[in-house]
Amino acid sequence: MSSSAPKGSGTVNVLYAGSLVALMEKQIGPAFEKATGYKFAGFAAGSNDLAAQIKGKVRKADVFISASPKADQLLIGSANGDWVSWFVTYATSPLVLGYNPKSKFAAKIQSGPWYDVITEPGFRVGTTDPKADPKGKLAHQALLAEGATHPKLLALAKNDKIIFPEETLVADLQSGQLDAGFFYTSEAKVAAIPTVQLTGQQLAASYTATVVKNAPNESGAEAFVAYLLGPDARKTLSAQAFELVTPPKVTGTGVPAAVTKALSS
């Protein structure tokens, strides 16, 4: 089954959650271009930061892809500029601890428990800013939850030195700057990062997509979201360990015809 996304021309500017860098730049973006004729231009950052940039008119966008519906809610309603009137939740991905297999702590991470290993002297763990993106907030929740019985984690949760930009966290781990980091299962899969489960935790990203008000390339934006919800993209998502929301969940009103068609296909 092939993509039913509309074809066209011009550049589609997609602002997306930093946890999707490899997926968007190496897989979804190029495949969208080939299938539709549009040109993909992506920019990654924390979901909340991106919402603030849209609201503040710092960066123009055609499409906004978030790792949490709460980021979309920052753009809904007259008080928020009505930048978004609807969004589609299309996939989820659990939070895990990813580690560098060359780390001297690798064997201990594998044998666990994770909350004991990451507080050992000399262990370098990375997360993202809980104020800027959902993953950082979830990681903070994980540390606080276990901190009730393992106090060292409470100190770690307050340590700003473990905070890294979401869009570079994978590279920071792979280059050896970190022994481990908090990632979503899907981004770890794309980057071939080994992981361990966060025992006792059930925390996950919920990925959403929408067209931004006054999108410079509105037809291209609709085509991109339609492609993302179509069979080709969903096959790619599934192969990269995303858990598909079936059927995708629509929040709000005013979903354009091209996206509605993709939802019903």
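Residues numbered from 1 in each chain as written. Predicted model: local features only at pLDDT ≥ 70, side-chain atom pairs only at ≥ 80, totals over all residues. Heavy atoms only, no water.

Under the annotation held in an unreviewed UniProt entry, the protein carries the name Extracellular solute-binding protein and is attributed to Flexivirga caeni. Checking UniProt for the protein, the heading Sequence similarities (unreviewed entry) contains the comment "Belongs to the bacterial solute-binding protein 1 family. WtpA subfamily." (UniProt positions renumbered as here; feature names shortened; annotations may be inferred.)

**Some points on the overall build of the protein**
Along the protein, the regular secondary structure elements total 12 helices and nine strands. Computed over C-alpha atoms, the radius of gyration of the protein comes to 19 Å, within 12% of the 18 Å expected from 2.2 N^0.38 for 265 residues, which places it in the range of a compact globule. Buried residues in the protein amount to 51% of all 265 residues. Contacts in the protein between residues far apart in sequence, at least 24 positions, make up 76% of those at least 6 positions apart. On the protein, roughly 11700 Å² of surface is accessible, and the fraction owed to carbon and sulfur atoms is 53%. Positive and negative charge centroids in the protein, built from 25 and 21 side chains respectively, lie 1 Å apart. (Helix = DSSP H or I, 4+ residues; strand = E, 2+ residues; numbered from the N terminus. Rg over C-alpha atoms; globule rule 2.2 N^0.38 Å. Buried < 20%, exposed > 50% of the residue type's maximum accessible area, 1.4 Å probe, protein only. Contact = heavy atoms within 4.5 Å. Areas by Shrake-Rupley, 256 points an atom, 1.4 Å probe, with all protein chains shown as cover. Lys, Arg positive; Asp, Glu negative; His and termini not counted. Charge placed at Lys NZ, Arg CZ, Asp CG, Glu CD.)

**Details of the packing of helix α1 (residues 21-36) against helix α11 (residues 231-239)**
Where α1 meets α11, the closest approach of the two axes is 11 Å, and the angle between their N-to-C directions is 135 degrees. Viewed along their axes, α1 and α11 adopt a mutual orientation that is oblique. Considering only the axes of α1 and α11, their crossing is right-handed. Facing α1, whose interface residues are Leu 23, Gln 27 and Ile 28, α11 presents Ala 233, Thr 236 and Leu 237. Classifying every residue of the contact of α1 with α11 gives four nonpolar, two polar and no charged. (Axes fitted to C-alpha atoms, helices over the stretch in contact; angles between N-to-C directions. Parallel < 35°, antiparallel > 145°, perpendicular 65-115°, else oblique. Left-handed = near helix turned anticlockwise from the far one by under 90°. Nonpolar A, V, L, I, M, F, W, Y, C, P; charged D, E, K, R; others polar.)

**Overview of the pattern of salt bridges**
Pairing between side chains of opposite charge can happen when the charged atoms of each approach one another. Counted according to the given criterion, the structure contains four salt bridges. Salt-bridge contacts for Asp 179 lead to Arg 124; the nearest nitrogen and oxygen are separated by 3.3 Å. Linking Asp 179 in the loop between α8 (169-174) and β6 (180-184) with Arg 124 in the loop between α5 (114-117) and β5 (125-126), this pair joins segments that are 55 residues apart in sequence. Across the pair Glu 187 and Lys 135 runs a salt bridge, and its minimum N-O distance is 2.6 Å. Linking Glu 187 in helix α9 (residues 185-190) with Lys 135 in helix α6 (residues 134-147), this pair joins segments that are 52 residues apart in sequence. (Salt bridge = Lys/Arg side-chain N within 4 Å of Asp/Glu carboxyl O.)

**Let's talk about the pairing of strand β4 (residues 86-99)**
For β4, a buried count of 13 out of 14 residues is recorded, marking the element as mostly surrounded by other parts of the structure. Direction of pairing for β4 relative to strand β9 (residues 243-252): antiparallel, over a ladder of six bridges. Among the inter-strand pairings, Ala 91 is bridged to a residue of β9, identified as Leu 244. Bridge count between β4 and strand β8 (residues 204-211): six bridges; the pairing is antiparallel. (Pairing = 2+ DSSP bridges.)

**Here's the deal with the nonpolar core**
Formed by 64 residues in total, the largest nonpolar core has its most connected members in Leu 20, Ile 65, Tyr 90, Leu 97, Trp 114, Phe 182 and Phe 224. If you tally residues by element for this core, the top one is helix α10 (residues 218-229), at eight residues. Taken domain by domain, the makeup of this core includes at least three residues from each of domain 1 (11-92 + 205-264) and domain 2 (93-197). If sequence neighbours within four positions are ignored, Leu 97 has contacts with Ile 109, Trp 114, Ile 118, Val 125, Ala 180, Gly 181, Phe 182, Pro 194, Thr 195, Val 196 and Leu 198. (Core = buried A, V, L, I, M, F, W, Y, C linked by side-chain atoms within 4.5 Å. Domains from an automatic or database assignment.)

**Section: the packing of α1 against α10**
Between α1 and α10, the shortest axis-to-axis distance is 11 Å and the interhelical angle comes to 115 degrees. Relative to α10, α1 is oriented roughly perpendicular. In terms of crossing hand, the pair formed by α1 and α10 is right-handed. Two secondary-structure elements touch here, α1 through Met 24, Ile 28, Ala 31, Phe 32 and Ala 35 and α10 through Gly 220, Ala 223, Phe 224, Tyr 227 and Leu 228.

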